[in-house]
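The primary structure of each chain is shown beneath.
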Amino acid sequence: MRRPTRPLKTLLLNTAQIELWPADVLHVRGNADARSLAGAHTVLRRKRDGRYLAAVSTRAVRPLVPRLFREPGLDEAWDALDRLEQATRGIDADAQGSLPLHALQQRLHDVGLDDSYGERSGLPLVPEPAALVFAGRDRYRRPLWLSAATARAWLAMQRAAYHDGLMLDAISGYRSHDYQLGIFDRKRARGLTVEQILTVNAAPGYSEHHSGHALDIGTPGEPPAESSFERTAAFAWLTRHAGDFGFGMSYPRDNPHGIVYEPWHWCHRPGC
């Protein structure tokens with residue numbers, strides 16, 4: 001079993017199959033979780049289904065699944081934790097780079113998606129970052145993970161809007177390839193074809209949300225991800241000021257990618 005380790009900063013460490021979460025931002029799903037996570041500073045979470053795999057404290061590693069040592073990707077997860085522990089204070093999450101794309105490309109082929117989607121849409125495959133920063137919580141009290149530069153810009157923009165009498169809230173930020181692939185798997189299991197799914201969902205791997213640079217933005221009292229957002233004072237404020245913080249709207253009307261108008265979707269440049 002792996003040695004105990006010291007606590008992490010408020011970062012999400014990302015690997016191809018496992019995420020390493022700060023324990024204090026995780027949602028505790030019941031008394032069993034509370035007991036398992038008590039005293040932990042880091043939790044290993046399987047990306048494919050969100051299962052908690054192990055709780056790491058300064059004294060021990062507590063397995064949360066049978067045969068933890070057989071879990072795919074475990075060695076890579078331990079290596080990621082070691083690298084962060086050996087880093088100096090003030091580590092730059094953005095400097096940790098991105099994960100390779102080859103595993104994603106194989107999974108896309110398995111569900112019937114090839115390079116023609118990118119060619120048709122003009123969208124590139126988007127790698128996942130190796131580390132993300134905790135940027136508070138979204139509208140639904142879920143942890144909001146963003147790249148370090150995007151987190152700084154988002155919080156500054158949110159404060160500026162507040163000073164002008166407006167509330168901006170995050171609907172969602174980073175989403176993994178596994179999250180998007182899970183949507184596809186569930187819809188295919190219900191009998192939908194890939195082409196039918198693509199009419200309402202972006203292809204896994206091609207979403208700006210994978211990068212940690214993109215945000216869906218809303219305002220209290222307005223339903224999430226609806227075109228009616230463009231009629232709000234919050235949207236008017238964004239159109240005037242978002243560029244000052246490095247944000248741009250990715251999918252205006254008649255955009256070249258064929259994606260529906262999304263006035264709520266903003267991305268931090270030059271990341272997007």
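Shown above is the structure to which this text applies.
Attention in this report is confined to the structure presented alongside it. Predicted model only: the values in this text are computed from it and were never measured. (Residues numbered from 1 in each chain as written. Predicted model: local features only at pLDDT ≥ 70, side-chain atom pairs only at ≥ 80, totals over all residues. Heavy atoms only, no water.)

## Considerations on the overall build of the chain
And then number 1: Per the secondary structure count, the chain includes 8 helices and 11 strands.
And then number 2: Each principal axis of the C-alpha distribution contributes one length, and for the chain these read about 55 × 45 × 35 Å.
And then number 3: Put simply, the chain has 272 residues, and 50% of those count as buried.
And then number 4: Contacts in the chain between residues far apart in sequence, at least 24 positions, make up 65% of those at least 6 positions apart.
And then number 5: Of the roughly 13700 Å² that the chain leaves accessible, carbon and sulfur atoms contribute 50%.
And then number 6: Across the chain, 34 positive and 31 negative side-chain charges occur, with their mean positions spaced 8 Å apart. (Helix = DSSP H or I, 4+ residues; strand = E, 2+ residues; numbered from the N terminus. Buried < 20%, exposed > 50% of the residue type's maximum accessible area, 1.4 Å probe, protein only. Contact = heavy atoms within 4.5 Å. Areas by Shrake-Rupley, 256 points an atom, 1.4 Å probe, with all protein chains shown as cover. Lys, Arg positive; Asp, Glu negative; His and termini not counted. Charge placed at Lys NZ, Arg CZ, Asp CG, Glu CD.)

## A word on the environment of T193
And then number 1: Residue position: T193 is located in the loop between α6 (177-189) and α7 (194-198).
And then number 2: By relative accessible area, T193 is classed as partly exposed at 40%.
And then number 3: T193 sits 58 residues away from A135 along the chain, and the two C-alpha atoms are 36 Å apart.

## Digging into the layout of surface pockets
And then number 1: Looking at the second largest pocket, its volume works out to about 400 Å³.
And then number 2: Around the second largest pocket, the lining comprises 19 residues; the ones closest to its centre are A16, Q17, A103, R107 and D178.
And then number 3: Where the lining of the second largest pocket is concerned, the elements lending two or more residues are α3 (102-110) and α6.
And then number 4: When residues of the lining of the second largest pocket are assigned to their parent elements, the largest contribution, 4 residues, is made by α3.
And then number 5: In the lining of the second largest pocket, the residues fall into 7 nonpolar, 4 polar and 8 charged. (1 Å grid on protein atoms, 1.4 Å probe; cavity = no way out; pocket = protein on both sides within 12 Å on 5 of 7 lines; lining within 4 Å. Points joined across faces, edges and corners; volume = space filled by probe spheres on them. Nonpolar A, V, L, I, M, F, W, Y, C, P; charged D, E, K, R; others polar.)

## Re the nonpolar core
And then number 1: Core analysis: the biggest nonpolar cluster contains 43 residues, and L44, W154, M157, L168, I217 and L238 have the highest contact counts within it.
And then number 2: With residues up to four places along the chain from it excluded, the contact list for L238 reads M157, L168, I217, F229 and W266. (Core = buried A, V, L, I, M, F, W, Y, C linked by side-chain atoms within 4.5 Å.)

## Considering unusual backbone geometry
And then number 1: The phi dihedral of A225 is positive, around 55 degrees, even though this residue is not glycine.
And then number 2: In the Ramachandran plot, D254 falls in the positive-phi region, its phi being about 60 degrees despite a non-glycine side chain.
And then number 3: By secondary structure assignment, the location of D254 is in the loop between β10 (247-249) and β11 (265-268).

## Describing the sheet that holds strand β8 (residues 169-172)
And then number 1: Read from one edge of the open sheet, 4 strands run β8-β9-β11-β10, paired in antiparallel fashion. Among the strands making up the open sheet, the edge pair consists of β8 and β10. Each strand axis lies, on average, 45 degrees off the axis of its neighbour in the sheet, ignoring direction.
And then number 2: In this structure, β8 lies alongside strand β9 (residues 214-218), joined through 3 bridges in antiparallel fashion. When the bridges of β9 are listed, S172 appears paired with D216. (Pairing = 2+ DSSP bridges. Axes fitted to C-alpha atoms, helices over the stretch in contact; angles between N-to-C directions.)

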